[in-house]
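For reference, the chains in residue letters:
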Protein chains: 2
Amino acid sequence: MCELLGMSANVPTDICFSFTGFLRRGGGTGPHRDGWGIAFYEEGGYREFRDPHPSADSPIARLISDYPIKSHVVISHIRQANVGDICLANTHPFTREMWGRQWCYAHNGQLGGWQALVPAFYQAVGDTDSEHVFCWLMGELRQRFTAPPSDPEALWKALHGLCERLHELGVFNMLLTDGRHLYCYCATKLVHITRRAPFGEARLCDAEMAVDFVEHTTPADVVSVIATEPLTDNERWTHMLPGELLVWRDGEIMAHYSCMDGD
Amino acid sequence: MCELLGMSANVPTDICFSFTGFLRRGGGTGPHRDGWGIAFYEEGGYREFRDPHPSADSPIARLISDYPIKSHVVISHIRQANVGDICLANTHPFTREMWGRQWCYAHNGQLGGWQALVPAFYQAVGDTDSEHVFCWLMGELRQRFTAPPSDPEALWKALHGLCERLHELGVFNMLLTDGRHLYCYCATKLVHITRRAPFGEARLCDAEMAVDFVEHTTPADVVSVIATEPLTDNERWTHMLPGELLVWRDGEIMAHYSCMDGD
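Residues numbered from 1 in each chain as written. Chains lettered and ligands numbered in written order. Predicted model: local features only at pLDDT ≥ 70, side-chain atom pairs only at ≥ 80, totals over all residues. Heavy atoms only, no water.

An unreviewed UniProt entry annotates chain A as Glutamine amidotransferase originating from Modicisalibacter muralis.

Structural data, given as structure tokens:
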């Protein structure tokens, strides 16, 4: 299996603190040795760093945890391979351009019968189930909407329905973003926390490190972090429910769909 | 204007030496302060590093010049902005997936009337002429070929014809690759060099650095470097001609189209 990390914030925020704990799980405190990646959205642009080597030993990962890249939305992934070789082509996150925006995605879980889904528009470069179903999902959205719908809820509902279909194929925990909204779908395991004033101290589970957010924030800041497992041991994280899709923007939950909602 | 750097090699090769000289031109020995990027193809996968800050001061660029990433194909770009703001979305190289491969592109020059070209399939994320015409070019190829043609020359000829059309709009020096072939189109300025046995010493123009390639190669290695300006001052670089398209693979020129060739 793999682990996911996401962030949505209302001000450009670096993810150095969370990432420091997260990357230790990539071959340090955790078994996810088969590559890692992180994508940042800044000023409408997008950049990603990916490495097929363990994050705990990676000089690129070390740079990222020391070099504060300030962003509204971040997606990161550390991999423990099941489907597909350990190589760059199979390293999350995956990206495709749709409607003039870069859409970025990472997946945790394993699916069955995914080869039967035929993607429109997009094709996988590597040979993972994760990238294949990402291409399928994006192609389905693009076939239904030739441009971003004026009612964003139409898109969100369609996305929830597609996630539900993938959930039927196995474990499908997912982060997806176009750089504005961050979509989190939970099949089995995703937790989140929103930090806002009054800020306090947070202490990492995976590294001897604490931060007092009061020193790094203004009272208006809202920063939410989503992860497979809680990253800190002195804060209360909220567990998502199976079949739940959360739509984040600027650190806040904009919409929420559960497995009770129809397609 | 900007500067381009490309590499095609028959063995996985790092570009640390060339990149060390090249990145000095991004705000050090040259005026290209408005961002830089580099893309590597490894094991069928792709990764890129992009930064909207001057390469000469960039900790990410420093890491890349010290961290040998071995690759068959590399494209890099340093930017001196003309069209479009200085921001990540406008930082080359640009990438789109076509036929299950990541296609990567960088451009030097400035075009007129490019807004009239309507891209199919792909849309620009930023607002540069460079990315817009890349989307157009990729869309044109995808419309003509729904899959990679069995005769690759059909693709190469079509690409040359599209480059010729863009050349009519202004200065269009370009590097494009799918990770196997490296396509170099010259409107005004591109030079190249092929290093093979017997290897000798090369000395950078832009930094006090020399390398004796005998120590880093085997006799079968073939490594070609393409750049806007020669990067070394003790080797003979070949100047491309206006209207010329070179198709490289594994360090060798596979095909050559000149402005005398019809579309």
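Overview of the sheet that holds strand β3 (residues 45–51) of chain B
All names here are of chain B. Read from one edge to the other, the open sheet built from 7 strands follows the order β3-β2-β4-β1-β12-β9-β13, with strand pairing classed as antiparallel. Strand pairing shows two members of the sheet lacking a second neighbour, β3 and β13 (238–239), which therefore form its edges. Summarising the sheet, strand β2 (residues 36–42) and β3 pair through 7 bridges and their orientation is antiparallel. From the neighbouring strand, Phe 40 faces β3, where its bridge partner is Arg 47. Helix α1 (residues 16–24) contacts β1 (3–13), β2, β4 (71–78), β9 (191–195) and β12 (223–227) of the sheet and is inclined by roughly 170 degrees relative to β1. (Pairing = 2+ DSSP bridges. Helix = DSSP H or I, 4+ residues; strand = E, 2+ residues; numbered from the N terminus. Contact = heavy atoms within 4.5 Å. Axes fitted to C-alpha atoms, helices over the stretch in contact; angles between N-to-C directions.)

So, the interface of chain A and chain B
The partner chain B presents 32 residues to the 32 residues of chain A that form the contact. Between chain A and chain B the total buried area reaches about 2,700 Å² when both faces are included, carbon and sulfur atoms providing 54% of it. Among the residues chain A hides against chain B, the three largest losses belong to A:Arg47, A:Leu88 and A:Glu97. Together they make up 19% of the total. Viewed at the interface, chain B and chain A are joined by 4 salt bridges. Put simply, A:Arg96 and B:Glu97 hold a salt bridge, and the shortest N to O gap is 2.9 Å. On inspection of chain A and its partner chain B, the count reaches 12 residue pairs in polar contact (both at pLDDT 80 or more). For the side of chain A that touches chain B, the elements supplying multiple residues, two or more each, are β3 (45–51), α2 (59–66), β5 (94–98) and β6 (101–108) of chain A. The element best represented in the side of chain A that touches chain B is β3(A), accounting for 7 residues. Class assignment of the residues belonging to the side of chain A that touches chain B gives a composition of 15 nonpolar, 7 polar and 10 charged. (Buried area = accessible area lost by both parts, 1.4 Å probe. Salt bridge = Lys/Arg side-chain N within 4 Å of Asp/Glu carboxyl O. Polar contact = N/O pair within 3.5 Å; in protein donor to acceptor, adjacent residues only side chain to side chain. Nonpolar A, V, L, I, M, F, W, Y, C, P; charged D, E, K, R; others polar.)

Comments concerning the side chain of B:Asn108
All names here are of chain B. Its location among the elements puts Asn 108 in strand β6 (residues 101–108). With relative accessibility at 3%, the residue Asn 108 sits in the buried group. Here Cys 2 takes part through its backbone oxygen, which lies 3.0 Å from a polar atom of the side chain of Asn 108. At 2.7 Å, the side chain of Asn 108 forms a polar contact with the side chain of Asn 173. (Buried < 20%, exposed > 50% of the residue type's maximum accessible area, 1.4 Å probe, protein only.)

Comments concerning the side chain of B:Arg195
Residue and element names in this part refer to chain B. As for its placement among the helices and strands, Arg 195 is situated in strand β9. For Arg 195, the side chain forms a polar contact with the side chain of Glu 235, separated by 2.7 Å. Once you skip the residues sitting within four places of it in the chain, Arg 195 turns out to touch Ser 18, Ala 202, Phe 213, Asp 221, Val 222, Val 223, Val 225, Thr 232, Glu 235 and Trp 237.

What to know about the environment of B:Ala210
Residues and elements named next belong to chain B. Along the chain, Ala 210 turns up in strand β11 (residues 210–212). On the basis of relative accessible area, Ala 210 is assigned to the partly exposed category, the value being 40%. When the C-alpha positions of Ala 210 and Gly 27 are compared, they lie 21 Å apart, and in sequence the two are 183 residues distant. Not counting chain neighbours up to four residues away, the residues in contact with Ala 210 comprise Phe 17, Glu 201, Ala 202 and Arg 203.

Notes on the packing of α1(B) against helix α2 (residues 59–66) of chain B
Residue and element names in this part refer to chain B. Relative to each other, α1 and α2 sit at 150 degrees, their axes nearing to 8 Å. Accordingly, the angle class assigned to the pair α1 and α2 is roughly antiparallel. On the side of α1, the interface is formed by Cys 16, Phe 19, Thr 20 and Leu 23, while α2 contributes Ala 61, Ile 64 and Ser 65. Split by residue class, the contact of α1 with α2 holds 5 nonpolar, 2 polar and no charged. (Parallel < 35°, antiparallel > 145°, perpendicular 65-115°, else oblique.)

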